[in-house]
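A look at the structure
What follows is each chain in one-letter form.
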Amino acid sequence: MIDTKVVTPAQDAKAFLGMTFPTYTHLLSEADLDRVIAVPVAAFVDGVPAGLILGAMPKPGNPAPPTLFSVFVDPAFRNQGVGTRLMEDFHKEVAERGGDVIRVKYMTGKEATAYFERILQKTGWEEPTPRMAAIKADLLQIRAMDPPWLRERRISPRFKIIPWSAVTEEQKQNLRLSHEKDHWIAEDLVPWMHEAHYDPVSSCALLRDGELAAWVINHHMRDGTTRFTCSFAHPKLQRLGVVLWLYKEAVDRAEEKGRRFGTWTVPLHHPAMHAFAMRWMKPCSVYCRETYGSEKKLTVGEG
Ligand SMILES: CC(C)(COP(=O)(O)OP(=O)(O)OC[C@H]1O[C@@H](n2cnc3c(N)ncnc32)[C@H](O)[C@@H]1OP(=O)(O)O)[C@@H](O)C(=O)NCCC(=O)NCCS
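Attention here is on the structure that accompanies the text. Within every chain, residues take consecutive numbers counted from 1 along the sequence as written. Local features in this predicted model are restricted to residues of pLDDT 70 or higher, and side-chain atom pairs are both shown and tallied only at a pLDDT of 80 or more, whereas totals for entire chains, interfaces and linings draw on every residue. Hydrogen atoms and water are omitted, and side-chain values are computed over all heavy atoms in the structure.

Here a residue is considered near a molecule or strand provided that any single heavy atom belonging to it is located within 4 Å of it. Residues in contact with the ligand amount to 17 residues; listed here are only the nearest, N79, G81, T84, R118 and K122. Protein burial of the ligand: of its 930 Å² of free accessible surface, 75% is covered by the chains. A helix here means a DSSP run of H or I that spans at least four residues, while a strand means a run of E at least two residues long, and both kinds are numbered starting from the N terminus. Broken down by secondary-structure element, the contributors of at least two residues to the shell around the ligand are β4 (67-73), α2 (82-96) and α3 (113-122). Among the residues making up the shell around the ligand, the classes are represented as eight nonpolar, six polar and three charged. All accessibility values rest on the Shrake-Rupley procedure with a 1.4 Å probe; residue burial counts only the protein chains present in the view. Lys, Arg, Asp and Glu make up the charged group, whereas Ala, Val, Leu, Ile, Met, Phe, Trp, Tyr, Cys and Pro make up the nonpolar group; the residues left over, Gly among them, are polar.

The following block contains the structure:
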């Protein structure tokens, strides 16, 4: 028999600690946190701990909506309706606490993704939409595809590609001033946000008439992967594809050092970057996961 109840953190949540992502286990030790109240609903089958759904309600003053973080069913009890029941009861809990909507973000590409999405579908969530792509690709394979952007090209003498380490403080300061005046850089791609511990091997910049006009700032990860962290070009140059000039430079430099893999995290609100990643990185990927998001509107008496 499937039974569910809200578990009280610290007292009876111990059996469920392994049933969520490590980032969220603290919600099982203390429910009343700074900005949220944890909502952990546990399932039992014939009295045995069988699953956990975990989310949180915002506290007054926190504009975030109620959020679902994870749902997990012990493998021994899967495909028997436990996950669905947990989701239905989570809706009820959130509705009873005054929530009228729940949001979720999740990563695809796992074995259970289809079952989780089936639960969303069955319990009235909106059709999930993609938010972000996370790709790890083999640079050698990309090179073997001989993509046009990795071929040699001649560029006008007005432009110069240099390593990011050679960009002067004056050029960076001029960029800040120019952005303060015209707000032309996407806020999440301003280079000064990403410069800490950048990879001096593959990070590079494009100067136009001596001024910073595009950049690719990367990080060298412990496992030897080059993470392409931030790339951007002045809007007037974007149609020339100048970021790709820098991608070529970065890939050439990474390969010279014998580095084979690159990772990209691409938000879908940068559609050109996403399309590029899907066209060239995905076919050579070690993994390609996308995060999706969905929303559930709750009605009074939700069940
Ligand atoms: C996703 C998960 C929570 C589903 O739990 P569950 O208790 O097996 O779910 P349910 O039994 O309610 O099944 C949900 C749907 O998926 C289907 N399903 C579940 N497991 C299945 C399997 N092994 N094979 C085929 N279909 C399966 C069910 O048939 C059901 O669809 P239906 O109603 O059309 O028949 C569980 O697989 C799990 O814990 N996975 C690991 C954690 C995870 O990935 N969580 C999701 C993201 S946080």
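Attention now moves to the side chain of K296. When you line up the elements, K296 lands in strand β12 (residues 285-297). Only protein chains enter the accessibility calculation, which uses a 1.4 Å probe. A residue is then buried if its area is under 20% of the maximum for its type, exposed if over 50%, and partly exposed in between. You can call K296 buried: its relative accessible area is 7%. Only 3.0 Å separates the side chain of K296 from the backbone oxygen of T123, close enough to count as a polar contact. Between N or O atoms, a polar contact is any pair within 3.5 Å; within protein, one atom must be a potential hydrogen donor and the other a potential acceptor, and residues adjacent in sequence are included only when both atoms are from side chains.

The nonpolar core is taken to be a set of buried Ala, Val, Leu, Ile, Met, Phe, Trp, Tyr and Cys residues, with the residues joined through side-chain atoms within 4.5 Å. With 30 residues, the main nonpolar core has I142, W149, Y247, W264 and M281 as its most contacted residues. Top element by residues in this core is helix α7 (residues 242-256). It accounts for eight residues. If near-sequence neighbours (up to four positions away) are discounted, W264 is found in contact with A133, A134, I135, A137, L139, I142, F228, Y247 and M281. Formed by 24 residues, the second largest nonpolar core is a distinct cluster that contains V39, L68, F90 and F116. When checking whether two residues touch, look at their non-hydrogen atoms; a contact exists if any pair is within 4.5 Å.

Let us now look at the packing of aromatic side chains. Two aromatic rings, drawn from Phe, Tyr or Trp (for Trp, its six-membered ring), form a pair once their centres lie within 6.5 Å of each other, and the interplanar angle then sorts them: stacked below 30 degrees, edge-to-face above 60, tilted otherwise. On inspection of all chains with the given rule, the structure shows 14 aromatic pairs. Comment: the charge-over-ring label is applied if NZ (Lys) or CZ (Arg) is within 6 Å of the ring centre and within 35 degrees of the ring normal. When the ring centre of W192 is taken as origin, the NZ or CZ atom of R176, which lies over that ring, is 4.5 Å away. Between the NZ or CZ atom of R279 and the centre of the ring of W280, over which it lies, the distance is 3.9 Å.

This brings us to the pattern of salt bridges. Any Lys or Arg side-chain nitrogen found within 4 Å of a carboxyl oxygen on Asp or Glu counts as a salt bridge. This model, assessed by the stated rule, comprises 19 salt bridges. A salt bridge links E152 to K248; the shortest N-O distance between them is 3.1 Å. With a gap of 96 residues between them, E152 in the loop between α4 (139-144) and β7 (159-163) and K248 in helix α7 connect regions that are remote in the sequence. Beyond isolated ion pairs, a larger network of salt bridges with shared partners links R143, E152, K248, D252 and E255.

A few words now on the packing of α2 against α3. It is the contact of α2 with α3, at a shortest axis distance of 10 Å, that shows an interaxial angle of 45 degrees. Here α2 is positioned oblique relative to α3, judged by the angle of their axes. Of the two possible hands of crossing, α2 and α3 adopt the one that is right-handed. Residue-level inspection shows G83, T84 and M87 of α2 in contact with α3, the latter providing F116, I119, L120 and K122. By residue class, the composition of the contact of α2 with α3 is four nonpolar, two polar and one charged. Every axis in this analysis is a line fitted to C-alpha atoms, fitted for helices over the stretch in contact. Angles between the N-to-C directions lie between 0 and 180 degrees. Oblique is the label for any angle not under 35 degrees, not over 145, and not in the 65 to 115 range, which are roughly parallel, roughly antiparallel and roughly perpendicular in turn. Less than a right angle of anticlockwise turn of the near helix away from the far helix marks a crossing as left-handed, whereas a clockwise turn marks it as right-handed.

Read across the open sheet, the 12 strands follow the order β1-β2-β3-β4-β5-β12-β6-β11-β10-β9-β8-β7; overall the sheet is mixed. Single-partner strands in this sheet number two, and they are β1 (2-6) and β7. Strand-to-strand, the axes of this sheet are offset by a mean angle of 20 degrees, without reference to chain direction. The rule for pairing is simple: two strands pair if DSSP sees at least two bridges between them. As paired strands, strand β10 (residues 226-233) and strand β11 (residues 261-267) are joined by three bridges and run parallel to one another. Counted as the bridge partner of F228 is W264 from β11. Sitting on the sheet, α2 is in contact with β1, β2 (36-45), β3 (48-58), β4, β5 (101-107) and β12, with an inclination near 145 degrees to β2. Running at roughly 155 degrees to β10, α7 makes contact with β7, β8 (204-208), β9 (211-220), β10 and β11 of the sheet.

Treat this as a map of the structure, not an account of what it does.
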